[in-house]
Amino acid sequence: MPAANVPIIAIDGYSSCGKSTLAKALANALDLIYIDSGAMYRAVTLYVLRQGISPTDQISVEKILPRIKIDFSHDHGGNRTLLNGVDVELAIRSMEVSKSVSPIATIPMVRRMLVEQQRNMATHQGVAMDGRDIGTIVFPNAPLKLFLTADIEVRVTRRVQQLAAQGKHVQRKAIRKNLLTRDYIDATRSDSPLRKATDAVLMDNTNLTPHEQKELALTLFRTRLTV
Ligand code: DC
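Right, let's walk through the structure included here. The structure presented is a predicted model; accordingly, all values stated were derived computationally and were not measured.

Rules of the game
Residues numbered from 1 in each chain as written. Predicted model: local features only at pLDDT ≥ 70, side-chain atom pairs only at ≥ 80, totals over all residues. Heavy atoms only, no water. Helix = DSSP H or I, 4+ residues; strand = E, 2+ residues; numbered from the N terminus. Rg over C-alpha atoms; globule rule 2.2 N^0.38 Å. Buried < 20%, exposed > 50% of the residue type's maximum accessible area, 1.4 Å probe, protein only. Contact = heavy atoms within 4.5 Å. Near = heavy atom within 4 Å. Polar contact = N/O pair within 3.5 Å; in protein donor to acceptor, adjacent residues only side chain to side chain. Areas by Shrake-Rupley, 256 points an atom, 1.4 Å probe, with all protein chains shown as cover. Nonpolar A, V, L, I, M, F, W, Y, C, P; charged D, E, K, R; others polar. Axes fitted to C-alpha atoms, helices over the stretch in contact; angles between N-to-C directions. Left-handed = near helix turned anticlockwise from the far one by under 90°.

### Description of the overall build of the protein
Helix and strand content of the protein: nine helices and eight strands. The C-alpha radius of gyration computed for the protein amounts to 17 Å, which stays within 12% of the reference 17 Å derived for 227 residues, consistent with globular compactness. Structurally, the protein occupies a C-alpha span of about 50 × 40 × 35 Å along its principal axes. In the protein, which comprises 227 residues, the share counted as buried stands at 48%. The long-range share in the protein, meaning contacts at least 24 apart out of those at least 6 apart in sequence, stands at 73%.

Structural data, given as structure tokens:
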């Protein structure tokens, strides 16, 4: 567990609610390390798919876990995900991975392995981490926890734009279906379901700009640290 004086911001919420944009902005503003915990579940998923293993074949997935090493390189303000030393940042954002990641994230052994790594990342440094169980399981004592929601059509638009920026054009219908399916699986799994921690601040950012969200969160962070 991190030391009590290590600043931690836990950001949870539904898929494509702007969690990573906010976490990155807060990390920059407060000189914290930004960690995208979803990227870790995506990297495991990519490895599983590349081995030709079905994401629902729990026993085979568990067997190959010791062969997976995930790191981040935090250069020039960006985060790159490394799978066994190779940059997979682009590959883990594909629709193929998006479709299989939620089943992988239901497997308790996968969660145990990644939660341990996530806690270790905050042993000496302050972090802004986004995911689904950061405020409830990974850092239950985080001084600031945010839970993000947004209108589904706004979320679909954000995802369409994200993929378009990578040169990928996916239909809104397919994206909407993927977001809603992931929300459902993430919120109903028995191990660490997506849930707002009781002490998390709910932020509906449907009508908030990234700048407004950052300012709101910074005000909350400063208030929490001075009480
Ligand atoms: O944040 P993201 O959409 O890249 O996350 C991909 C999936 O990983 C998400 O649908 C559920 C899973 N996940 C999780 O179960 N726990 C986390 N802390 C982060 C992600």
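So much for the structure itself; the text now carries on.
### What to know about the site of the ligand
Around the ligand, a shell composed of 15 residues is seen, among which Arg42, Arg111, Asp133, Asp186 and Arg189 lie nearest. Residue Arg42 places a side-chain N or O atom 2.7 Å away from an oxygen atom belonging to the ligand. Residue Ser102 places a side-chain N or O atom 3.2 Å away from an oxygen atom belonging to the ligand. When the free accessible area of the ligand is taken as 440 Å², the share hidden by the protein chains comes to 96%. Its residues placed into classes, the shell around the ligand shows four nonpolar, four polar and seven charged.

### Brief notes about unusual backbone geometry
One non-glycine residue with positive phi stands out, namely Ser16, at about 55°. With respect to the secondary-structure elements, Ser16 resides in the loop between strand E1 (8-13) and helix H1 (19-30). The backbone of Asp31 shows a phi angle near 60°, a positive value even though the residue is not glycine. Of note, Asp31 is situated in the loop between H1 and strand E2 (33-36). In this structure Asp31 comes out as exposed when scored by relative accessible area, which is 70%.

### Let's talk about the packing of helix H7 (residues 152-165) against helix H8 (residues 172-188)
Running from N to C, H7 and H8 cross one another at 115°; their axes reach a closest spacing of 9 Å. Read as a crossing pair, H7 and H8 show a hand that is right-handed. Every residue of H8 that contacts H7 at Ile152, Glu153, Arg155, Val156, Thr157, Arg159, Val160 and Leu163 is listed here: Arg172, Ile175, Arg176, Leu179, Leu180 and Asp183. Its residues assigned to classes, the contact of H7 with H8 comprises seven nonpolar, one polar and six charged.

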